[in-house]
Amino acid sequence: MDLEKRTSGPPQEPPPRRSDPEGCVAAAIRVPVRIVVLVLVVPVRMAWDLLVVTGRLLRDTVLRPLGRALAWLGRVLFVWPLVAVWRYAVVPLGKGLAVLGHVLLVVPAVWFHTWVLTPAGRAIVWCAAGVGAGLAAVGRGLYAVLALLGRYLVVVPAVWFHTWVLVPLGHALVWCGKGFARGLGLAVTGIGAVLYWTVRILLVLPALALWRWVLTPVGRVLAVIGREVLDALGHGWRIAGHVSRAFGRFLGTLWRWAVAEPARWAYRTVLTPVGHALRDSVLRPLAEAGRAAGRIGRQALAAARLTVRETRADLRRALFGPPPAARRPDRREPSVAEARTLGSSTTALTKD
């Protein structure tokens, strides 16, 4: 029961671990952790290997044949009937409906579009073009009048108002805003400096001291413990794999010497000679006798067939006379004397 892949070549050495500054802590917790993890991991690994073997056996002997049977049953019950219905019912019905729709809908619609809608649309387009030309002329005149009125009633006063009112007012507002922003910036800078030093003294420096002198050492110790636990889990899993493989090989060897080898020995030393003796003393004579009986039966049937053929030929000659033309010499039928000679030889062979 080899559940792990074997790699060819010499075993690879694990990469050298980096020098840990926490050597005492690691050395103190490594051996107990590995012992505890090994005790806990070996049953889990053996149970896992047993589940893997059971799952593979179920997959190969139960699930895969069952899946193939269900797939074949699904094809027989669903796919083939649906394909037959689609091929021999839906497709012909669809083709018929398509032809009927083409004749009843498409052809009248094309005729109506060609001889009714197209002339009516051209007439409507011609009328709309005339009306549009008139409306365009009227629109161009109105646009010229409105553009002239807008220029002298809106644009010229707006330009004068922007040049002599809004621009000087904007310059004044910009100058005032710059002064206010400069003063506000100085005030915010002072308040920010005070808040910065307050937060730094009250929060940052204590947090930095806590991180540097408390959390960092504790984190290093926890990191060493976690790393050792992970290494112990890996080491224990590998050792459990070796133990499980050895147990599986033991079970395989026990099965071979307790069941397979006795069965092979019994087949080779007991059943094979008995089968050979039974074949030589019973089966072969029975086969020879059967072949001889079949041969005799075929010869007897051939003799009877020849006798019946000759009798039928004699009756035909007695009733209807001889045939008008003689048959070819290579198609000559055997006579009654030859049939009787063949029958006597068959009887002698049967007596022998």
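Procedures and definitions
Residues numbered from 1 in each chain as written. Predicted model: local features only at pLDDT ≥ 70, side-chain atom pairs only at ≥ 80, totals over all residues. Heavy atoms only, no water. Helix = DSSP H or I, 4+ residues; strand = E, 2+ residues; numbered from the N terminus. Buried < 20%, exposed > 50% of the residue type's maximum accessible area, 1.4 Å probe, protein only. Areas by Shrake-Rupley, 256 points an atom, 1.4 Å probe, with all protein chains shown as cover. Phe/Tyr/Trp six-rings, centres within 6.5 Å; stacked < 30°, edge-to-face > 60°. Salt bridge = Lys/Arg side-chain N within 4 Å of Asp/Glu carboxyl O. Patch = residues over 30% accessible without salt bridge, like charges linked within 9 Å, V, L, I, M, F, W, Y side chains within 5 Å. Lys, Arg positive; Asp, Glu negative; His and termini not counted. Charge placed at Lys NZ, Arg CZ, Asp CG, Glu CD. Core = buried A, V, L, I, M, F, W, Y, C linked by side-chain atoms within 4.5 Å. Contact = heavy atoms within 4.5 Å.

(A) A look at the overall build of the protein. Within the protein one finds two helices and zero strands. Taken over 352 residues, the protein has a buried fraction of 7%. For the protein, the computed accessible surface area is about 28,800 Å², with 74% contributed by carbon and sulfur atoms.

(B) The arrangement of the packing of aromatic side chains in detail. By the definition in use, this model includes one aromatic pair. Each ring, one from Tyr196 and one from Trp197, has its centre 5.4 Å from the other, and the planes form 75°; the classification is edge-to-face.

(C) Spatial organisation of the pattern of salt bridges. By the definition in use, this model includes nine salt bridges. The partner of Arg45 in a salt bridge is Asp49, and the shortest N-O contact between them spans 3.3 Å. Residue Arg45 and its partner Asp49 are located together in helix α1 (residues 23-320), separated by four residues, close to a single helical turn. The same class applies to Arg45 as to Asp49, namely buried. With a shortest N-O distance of 3.9 Å, Arg64 and Asp60 are connected by a salt bridge. With Arg64 and Asp60 both in helix α1, this residue pair falls four residues apart, about one helical turn. For Asp60, a relative accessible area of 40% corresponds to the partly exposed category.

(D) Region of interest: a positive patch on the surface. A cluster of basic side chains, namely Arg305, Arg309, Arg312 and Arg316, defines a positive patch on the protein surface. Relative to the assigned elements, Arg305 resides in helix α1.

(E) Region of the structure containing the nonpolar core. Counting residues in each nonpolar core, the largest one holds five residues, listed as Val37, Val41, Val42, Ala232 and Ala240. Not counting residues up to four positions away in its chain, the partners in contact with Val37 are Ala232 and Leu233.

(F) Spatial organisation of the side chain of Ser244. In this fold, Ser244 is placed in helix α1. Other than its neighbours up to four places away in sequence, Ser244 contacts Met46 and Asp49.

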